[in-house]
Amino acid sequence: MIINADKPEVSIVVPLYNEQENFMELTQRLKTVCSGLPFSTEVVLIDDGSKDQTPFLMYELGLSDKLFSCVFLSRNHGHQLAVTAGISSASASKAIFIIDGDLQDPPELINEFYAKLNEGNDVVFGVRKKRKESVNKVFLYWIYYRILRYISNVDVQIDSGDFSMISRRMADYMILMPEKSRYLRGMRSWIGFKQVGLEYERQARFAGEPKYTFKKLFELAYNGIFNFSDFPVKFITKVGGFTMAFSFLYIIYTVIKKYYFGGVPQGFTSLVIFIMLFTGIQLIALGILGEYITRIYIQVQNRPLFIIDKKIINGKIV
Ligand code: UDP
Ligand code: MG
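Remember, it's a predicted structure, so these values are computed and weren't measured experimentally.

Chemist: I keep staring at the nonpolar core and nothing clicks. Help me out?
Modeler: General note: in soluble globular proteins, nonpolar side chains tend to be found buried as a group. Residues I96 and I166 are the most contacted members of the largest nonpolar core, which totals 43 residues. In terms of residues, this core owes the most to one element, helix α8 (residues 214-228), which gives six residues. Filtering out sequence-adjacent residues up to four positions away, I166 remains in contact with I87, K94, A95, I96, I98, L117, D122, V123, A171, M174 and R188. By size, the runner-up hydrophobic cluster in this structure holds 35 residues, among which are L37, I110, Y114 and F163.

Quick look at the structure:
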């Protein structure tokens, strides 16, 4: 492979949304890590429309230290799109290392990731050995990944997030995928090639509150399911079939009761139960269809994935 001498070998992509409390520690650690590596690196920081001091801190750093490239998005586009913007702006010739800005993913592991990538893998994904998060969240994650794995059409890796190193060609294929509601770890699996996990202990957030609200987490979880599985829509057909079969039996029962046993004006309770139950089932079915239709709607609008306000590359605003 011909490697362009101007380009770093590895880009480290870090999305930031209101991370002023972590900024100094994060960038200091990145600097230390990068200075001790046997290969060349760049750091791509993405400001995802932060409302705190993050963009100003990035400005200062980007203009004074060429190790850091900065991408400023026009507003908060969400983590998945911020990472996508970072991958699109990364110039590395060999690999892209994706980490969170709250130091939950130790940047010091870059060497181990790169070594594994160089064993002929296109993705090295971090596998969480232990989560230092609330019991509820850990349980929800645990169950979600197992359901997703069971119902999805692709081989989604259990207990792995976006913390990963991907090869240049994997990054190029991800950029080529035009889907708007992005679920990067699913896209990674869909693309294929050789992928391998690397166990690590996920740290607690260095400072500040999580920036993934419950709403954003649910959106992400939904994207995982509806972008990579037709299970929900097939499931409604099955529920429909089951309901039909049950209705036939119940019709036979009702008719026999009417003609042979009489005393028909009865059954108010069962009537209410069936109306409520099947209204519920129908509304859920509509909702499931709606999820797929919304995705079609968002896709046909054909808007750009994100809007970049400005960039700082090599100490210059572009
Ligand atoms: N983030 C972002 N945009 C958002 C939400 C989060 O760029 O809308 C960034 C955030 O600054 C952090 C990373 O995504 O660097 C992961 O977010 P967080 O730590 O809140 O997620 P969690 O660790 O809870 O999954
Ligand atoms: Mg975090």
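Moving on from the coordinates now.
Chemist: Explanation requested: empty space enclosed by the protein in the structure shown.
Modeler: Where empty space is left in the structure can be found by rolling a water-sized probe over the atoms. A complete count under the given rule lists one cavity of 30 Å³ or more for this structure. The volume enclosed by the largest cavity comes to roughly 50 Å³. Forming the boundary of the largest cavity are V83, I87, I98, D162, S164, I166, M174, L184, R185 and R188. Within the residue set of the lining of the largest cavity, elements represented by two or more residues are α3 (79-89), β6 (160-167) and α7 (184-191). In the lining of the largest cavity, the residues fall into six nonpolar, one polar and three charged.

Chemist: Is there a simple way to think about the pattern of salt bridges in this case?
Modeler: Applying the stated criterion to the full structure yields 14 salt bridges. E19 is the partner of R205 in a salt bridge, and the nearest nitrogen-oxygen pair spans 2.9 Å. One end of the pair, R205, is in the loop between β7 (195-200) and α8; the other, E19, is in the loop between β1 (10-16) and α1 (20-35), and 186 residues separate them in sequence. Under the relative-accessibility criterion, E19 is labelled buried at 5%. D100 is the partner of R202 in a salt bridge, and the nearest nitrogen-oxygen pair spans 3.5 Å. One end of the pair, R202, is in the loop between β7 and α8; the other, D100, is in the loop between β4 (95-98) and α4 (110-117), with 102 residues separating them in the sequence.

The rules behind each value
- Residues numbered from 1 in each chain as written.
- Chains lettered and ligands numbered in written order.
- Predicted model: local features only at pLDDT ≥ 70, side-chain atom pairs only at ≥ 80, totals over all residues.
- Heavy atoms only, no water.
- Core = buried A, V, L, I, M, F, W, Y, C linked by side-chain atoms within 4.5 Å.
- Buried < 20%, exposed > 50% of the residue type's maximum accessible area, 1.4 Å probe, protein only.
- Helix = DSSP H or I, 4+ residues; strand = E, 2+ residues; numbered from the N terminus.
- Contact = heavy atoms within 4.5 Å.
- 1 Å grid on protein atoms, 1.4 Å probe; cavity = no way out; pocket = protein on both sides within 12 Å on 5 of 7 lines; lining within 4 Å.
- Points joined across faces, edges and corners; volume = space filled by probe spheres on them.
- Nonpolar A, V, L, I, M, F, W, Y, C, P; charged D, E, K, R; others polar.
- Salt bridge = Lys/Arg side-chain N within 4 Å of Asp/Glu carboxyl O.

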